[in-house]
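# Per-entry structural report
Spelled out from the first residue to the last, the chains are:
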Protein chains: 4
Amino acid sequence: MTSLDELFRLLSRGQVYDLGVPLKAGIPHGPAHSPYLYSLIKKHGQVVYRDGVSSATDLFSMGTHVGTHIDALGHVSKGGCLHGQIEADAVQSFSGGLARCGVHELSPIIGRGVLLDLPRLLGCDILDADYGIGPDQLEQVYLKQSVVPLPGDTVLIRTGWMQHWPDHERFHANRCPGIVVEGAHWLGDNGARYVGSDTYAFEKVPASGLPVHVAMLVERGIPIMEMLDLEALARDGIYTFLFVAIPLKIVGGTGSPIRPIAIATGP
Amino acid sequence: MTSLDELFRLLSRGQVYDLGVPLKAGIPHGPAHSPYLYSLIKKHGQVVYRDGVSSATDLFSMGTHVGTHIDALGHVSKGGCLHGQIEADAVQSFSGGLARCGVHELSPIIGRGVLLDLPRLLGCDILDADYGIGPDQLEQVYLKQSVVPLPGDTVLIRTGWMQHWPDHERFHANRCPGIVVEGAHWLGDNGARYVGSDTYAFEKVPASGLPVHVAMLVERGIPIMEMLDLEALARDGIYTFLFVAIPLKIVGGTGSPIRPIAIATGP
Amino acid sequence: MTSLDELFRLLSRGQVYDLGVPLKAGIPHGPAHSPYLYSLIKKHGQVVYRDGVSSATDLFSMGTHVGTHIDALGHVSKGGCLHGQIEADAVQSFSGGLARCGVHELSPIIGRGVLLDLPRLLGCDILDADYGIGPDQLEQVYLKQSVVPLPGDTVLIRTGWMQHWPDHERFHANRCPGIVVEGAHWLGDNGARYVGSDTYAFEKVPASGLPVHVAMLVERGIPIMEMLDLEALARDGIYTFLFVAIPLKIVGGTGSPIRPIAIATGP
Amino acid sequence: MTSLDELFRLLSRGQVYDLGVPLKAGIPHGPAHSPYLYSLIKKHGQVVYRDGVSSATDLFSMGTHVGTHIDALGHVSKGGCLHGQIEADAVQSFSGGLARCGVHELSPIIGRGVLLDLPRLLGCDILDADYGIGPDQLEQVYLKQSVVPLPGDTVLIRTGWMQHWPDHERFHANRCPGIVVEGAHWLGDNGARYVGSDTYAFEKVPASGLPVHVAMLVERGIPIMEMLDLEALARDGIYTFLFVAIPLKIVGGTGSPIRPIAIATGP
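Scope of this entry: the structure provided in the associated data block. (Residues numbered from 1 in each chain as written. Chains lettered and ligands numbered in written order. Predicted model: local features only at pLDDT ≥ 70, side-chain atom pairs only at ≥ 80, totals over all residues. Heavy atoms only, no water.)

## Concerning the overall build of chain A
Check the secondary structure of chain A and you find 8 helices and 19 strands. Relative to a compact globule of 267 residues, whose C-alpha radius of gyration would be 18 Å, chain A shows 20 Å and is just as compact. Reported as C-alpha extents along the three principal axes, the dimensions of chain A are approximately 65 × 50 × 40 Å. Sequence separation of at least 24 residues holds for 75% of the intrachain contacts in chain A that already meet a minimum separation of 6. Counting only carbon and sulfur atoms, one obtains 50% of the accessible surface of chain A, whose full area is about 8900 Å². (Helix = DSSP H or I, 4+ residues; strand = E, 2+ residues; numbered from the N terminus. Rg over C-alpha atoms; globule rule 2.2 N^0.38 Å. Contact = heavy atoms within 4.5 Å. Areas by Shrake-Rupley, 256 points an atom, 1.4 Å probe, with all protein chains shown as cover.)

## Focus: the interface of chain B and chain C
Contacts between chain B and chain C engage 5 residues on the former and 5 residues on the latter. A combined buried area of about 440 Å² lies between chain B and chain C, and 77% of that area is made up of carbon and sulfur atoms. Sorting the residues of chain B by area buried against chain C places His29, Phe94 and His168 of chain B first, and these three jointly supply 67% of that buried surface. There are 0 salt bridges connecting chain B and chain C. At the junction of chain B with chain C, the criterion picks out 0 residue pairs in polar contact (both at pLDDT 80 or more). Taken together, the residues of the side of chain B that touches chain C break down into 2 nonpolar, 3 polar and no charged. (Buried area = accessible area lost by both parts, 1.4 Å probe. Salt bridge = Lys/Arg side-chain N within 4 Å of Asp/Glu carboxyl O. Polar contact = N/O pair within 3.5 Å; in protein donor to acceptor, adjacent residues only side chain to side chain. Nonpolar A, V, L, I, M, F, W, Y, C, P; charged D, E, K, R; others polar.)

## A look at the packing of helix α6 (residues 181-189) of chain A against helix α7 (residues 211-220) of chain A
Residues and elements named next belong to chain A. Orientation of α6 relative to α7, taken along the N-to-C sense of each, is 30°, at an axis distance of 8 Å. As judged from the angle between their axes, α6 and α7 are roughly parallel. At the point where α6 passes α7, the crossing takes the right-handed sense. Residues Val181, Ala184, His185, Leu187, Gly188 and Asp189 of α6 touch α7, and the partners they reach there are Pro211, Val212, Ala215, Met216, Glu219 and Arg220. Along the lines of polarity and charge, the residues of the contact of α6 with α7 split into 7 nonpolar, 2 polar and 3 charged. (Axes fitted to C-alpha atoms, helices over the stretch in contact; angles between N-to-C directions. Parallel < 35°, antiparallel > 145°, perpendicular 65-115°, else oblique. Left-handed = near helix turned anticlockwise from the far one by under 90°.)

## What about the packing of aromatic side chains?
One pair of aromatic rings is described through two measures. These are the centre distance and the angle between the planes. Going through the model one piece at a time under the given rule, you end up with 18 aromatic pairs over all chains. Feature note: the residues Tyr36 and Phe60 of chain A together with Tyr36 and Phe60 of chain B constitute an aromatic cluster, connected by ring pairs. We note arginine 193 of chain A situated over the ring of tyrosine 194 of chain A; from NZ or CZ to the ring centre the distance is 4.8 Å. (Phe/Tyr/Trp six-rings, centres within 6.5 Å; stacked < 30°, edge-to-face > 60°. Lys NZ or Arg CZ within 6 Å of the ring centre and 35° of its normal.)

## Describing the nonpolar core
Here is a general trend for soluble globular proteins: nonpolar side chains tend to be buried in one another's company. Residues Ile157, Leu187 and Met225 of chain C together with Ile157, Leu187 and Met225 of chain D are the most contacted members of the largest nonpolar core, which totals 161 residues. The contact partners of leucine 187 of chain C, leaving out residues within four places of it in the chain, are Leu138, Val155, Ile157, Ile179, Ala192, Val195, Phe202 and Met216 of chain C. Counting residues in hydrophobic clusters, the runner-up holds 160 residues, among them Val53, Phe60, Leu248 and Ala262 of chain B. (Core = buried A, V, L, I, M, F, W, Y, C linked by side-chain atoms within 4.5 Å. Buried < 20%, exposed > 50% of the residue type's maximum accessible area, 1.4 Å probe, protein only.)

## Things to note about the interface of chain B and chain A
Listed as interface residues are 92 residues of chain B and, on the opposing side, 92 residues of chain A. For chain B, the biggest contributors to the area lost against chain A are Phe94, Lys249 and Arg259 of chain B; these three give 11% of the whole. Our count for the contact surface shared by chain B and chain A stands at 2 salt bridges. For lysine 249 of chain B, the salt bridge identified is with aspartate 18 of chain A, shortest N-O distance 2.9 Å. Taken together, the connections running from chain B to chain A amount to 42 residue pairs in polar contact (both at pLDDT 80 or more). Among the residues forming the side of chain B that touches chain A, the class breakdown is 43 nonpolar, 36 polar and 13 charged.

## Details of the relation of the copies chain B and chain C
Aligned on chain C, chain B shows an RMSD of 0.0 Å; the corresponding rotation is 180° and the shift along the axis is 0.0 Å. Such a combination of turn and shift is consistent with a two-fold rotation axis. Considering only C-alpha atoms, the residue of chain B closest to the rotation axis is alanine 32 of chain B, which sits at 3.1 Å. Of the residues that chain B buries at the interface, 100% are likewise interface residues in chain C, meaning the two copies contact each other through the same surface. (Least-squares fit on C-alpha atoms with pLDDT ≥ 70 in both.)

## Brief notes about the side chain of aspartate 153 of chain D
Residues and elements named next belong to chain D. With respect to the element layout, aspartate 153 can be found in the loop between α4 (135-144) and β13 (154-158). A distance of 2.8 Å separates a polar atom in the side chain of aspartate 153 from a polar atom in the side chain of arginine 112. Not counting chain neighbours up to four residues away, the residues in contact with aspartate 153 comprise Arg112, Val114, Val148, Gly191, Ala192, Arg193 and Tyr194.

## Description of the packing of helix α4 (residues 135-144) of chain A against α6 of chain A
Residues and elements named next belong to chain A. Closest axis-to-axis distance for the α4/α6 pair is 8 Å, and the angle between their directions is 45°. The orientation of α4 relative to α6 falls into the category oblique. Note on element contacts: α6 touches α4 through Glu182, Gly183, Trp186 and Leu187, opposite Pro135, Leu138, Glu139 and Tyr142. Residue classes in the contact of α4 with α6 are distributed as 5 nonpolar, 1 polar and 2 charged.

## Describing the sheet that holds strand β13 (residues 154-158) of chain C
Residue and element names in this part refer to chain C. Taking strand neighbours across the sheet as the criterion, the 9 strands line up as β1-β19-β17-β11-β13-β15-β16-β5-β18 in an open arrangement whose pairing is mixed. On the outer flanks of this sheet lie β1 (15-18) and β18 (255-257), each paired with one strand and no other. The average undirected angle you get between the axes of adjacent strands in this sheet is 25°. Strands in contact with helix α4 (residues 135-144) are β11 (109-117) and β13; relative to β11, the strand with the most contacts, it is inclined by about 100°. (Pairing = 2+ DSSP bridges.)

Here's what the structure looks like:
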């Protein structure tokens, strides 16, 4: 049996969890982002070819941080600099976006994913809006879930916030639970290569100066994913899995919509 | 060693091929589709938070059949009906798209991919624009490549046409090489679950009444992917691989941009 | 009394007729054009400034031939050439549009407008979809309305078709009444400087090769306006008026949305 | 001679000034607004009809406060209320915009316009970025220009700022000269029905809590126009004129692009 055959054998036994929210007009978006717009251009039957054949086409428009998405490293800057001490002004333009640290530089993500289910740890449905997750809680949840952090992990923090989706007002309140800056550094120190959560901000909001974004994107070069639907994984108690997310190669993009998946292979 | 560990071990030895074209303003698009538009909304430095922190945001707009993409089953109709004899008029609306057979119904694609390298079979760089691929050529290329078709395969047809990208006039000429309807049925009869190619149409164009789209989308329920960059796979002689493509969950969409990847595991 | 005072005195006695259709999601658009999309970006209350002050912002996206609009001379070509024998290929680009004959070259339109009410002439509500308007009908309607054509006129042809608005299927049927090519030349020969109507095509459709568009835009340099709401003017029997339409200065545009007005001054 | 003939005679002697900036990709926009995007959809020659006839089409996307535009009364709220004590939450929705106080409620503007040329008064080219215009300066400039304010006037304040256009950084600096709140009330008390200027904000920026927007839009119901090109009018010393601006009927819109014109009739 070849490696490839073995791979297919293992994958065929896996269960796929879809972590992306549906994209449709009216889904929540932050006030600094451009909403998701959609329409058919052409309906079936408007232009008819031979044998009664017809086709429908459509278009959409959206900010790159709307719905389930990944932040490019260049989404945030500090002191005028992007990750790697790249001067933002030297690489940014309206028409071209970010020539460096854009989302086009991100590789497809395929590797071990870990779900950290904070509400389960704390015995609640949804974390309070002002709940900050630091090193203590992270250590506890790893322990409780019998998972050991490994280098290269994609670490997904569940707060339960996705239960507010798609209620715009509740989901995009000006507050949400999330990682605080000490927690961000703990994750980075414990091998996290990508991080994500089910809120719109990953970090606890309000947070003056976006300290977790700075720690992850600017200082450590760790991309952040937001608005992942982690409810089904949590329900089934799946804490480690194959995680796959493939950002669109939006040249210069500060982010990209993604539809991440988790594949659970069982014991 | 758990199944998941084994999976990671196999994947860690794999090489990832990126089959998606970069998305940027000016890439080719068909005259019936809406072009790709992009701009930063906000540059770094325009709005500055505490500690000199700033963020950049952007938006894009595009037709769902622009760049590397997948056709939803409902993209094409015949006699007013979509796949499964669903009446198009009963499920289509401008604002909502296709309530049935939309791209939101497509699962993430993870399984065996097969590259059929027609130019290598024929000893040329790019197929002639009027070259039609039928059952004979398909049988020969499978034989030449020592690959046996399997049920569930994603079959990718290389014509070499991607070498015209991003020259709009040459890529979107009104002609391109591709599968003819007998070839489409041969693929379906030999287990293909998804198909794709490196042209904008998959099928040979011109083709009055889009017979291959009808055969695949409407009759057989086989989604079609277009504008895949298959050059690197061909260069390296990779004919079977793990294929992954995750359509965005565009509710009602007649298609979706994708960034497919191939993972070659070696012998 | 200065000229300006006299002008204000005359205008203050005028009645303004609004000839533009409202722009909102779902309004009819042709299958080759990009639909009108709209959304708030930010609602009141999402971002609050000092003293409880807040602001709302929004965006829209549309093809330039959606809703009430004007065709730039460069919208149509014949034999590869735009009006004035300008070679289209030499002046067109995807990102820049039409460097020559674009809608940015059109001046604001301010001058005498004439309504030609064909349904009134013919004693019907709406012209039949296959009704073609030629020189005979034009002469009759001018006579019936006691209007004499003058050089520089904006001539608006009412067919009654706007009564189908906003029913997409009925308005954008593949047929509509309108001017035939002999009528187009008659209008040009009788001084028309701008023309318009209440259908999506101005000319009778189907019309292989768009002969009226060619006659007006390419040969004569007469811009065409489409989808004007002429119902109120007709109801009030206003056949001559001050016509004002100001195309947006969309650089390179093949057209522009407009909101034309007619000012009737009374006897 | 009829009223209409007299109107045409007067207008035919007028000179038209175009006060709108050209719309093209890359023009300045504020960081809270969606940029102007444009592309051809279809070039001439891609689809060819009978007799070598072809057509080109295009689309654009933009925030309603980009380029020369008018603010709807509902653009700004105070204490949750729009002009007329309408509760914002009761009338706003993402997909529909503002059901009340939207730009669709604005009538075409046709009436006397007055240019107040502040740089001429002060003997400079461009006002300093921190120059605030209050009642004293307004009285002086009216006096200097021998113009008397009249009820219903459209009052356009020239600061010279348009000379920074289209330099994004200089035009959209975080500071600009403009009216202060006492000046706003003076204008309203002296009959202004519409106001405008050549900056992006009309009012002096920074201005915590947008006091001039609140005074004009919320309290007095006076729409504000921004980014008008007043250079040619100033150069020719035209201080009173027929002003025409026709907002697009964007249903629910918080604003609309406009291309205003001034018609100077001479003495």
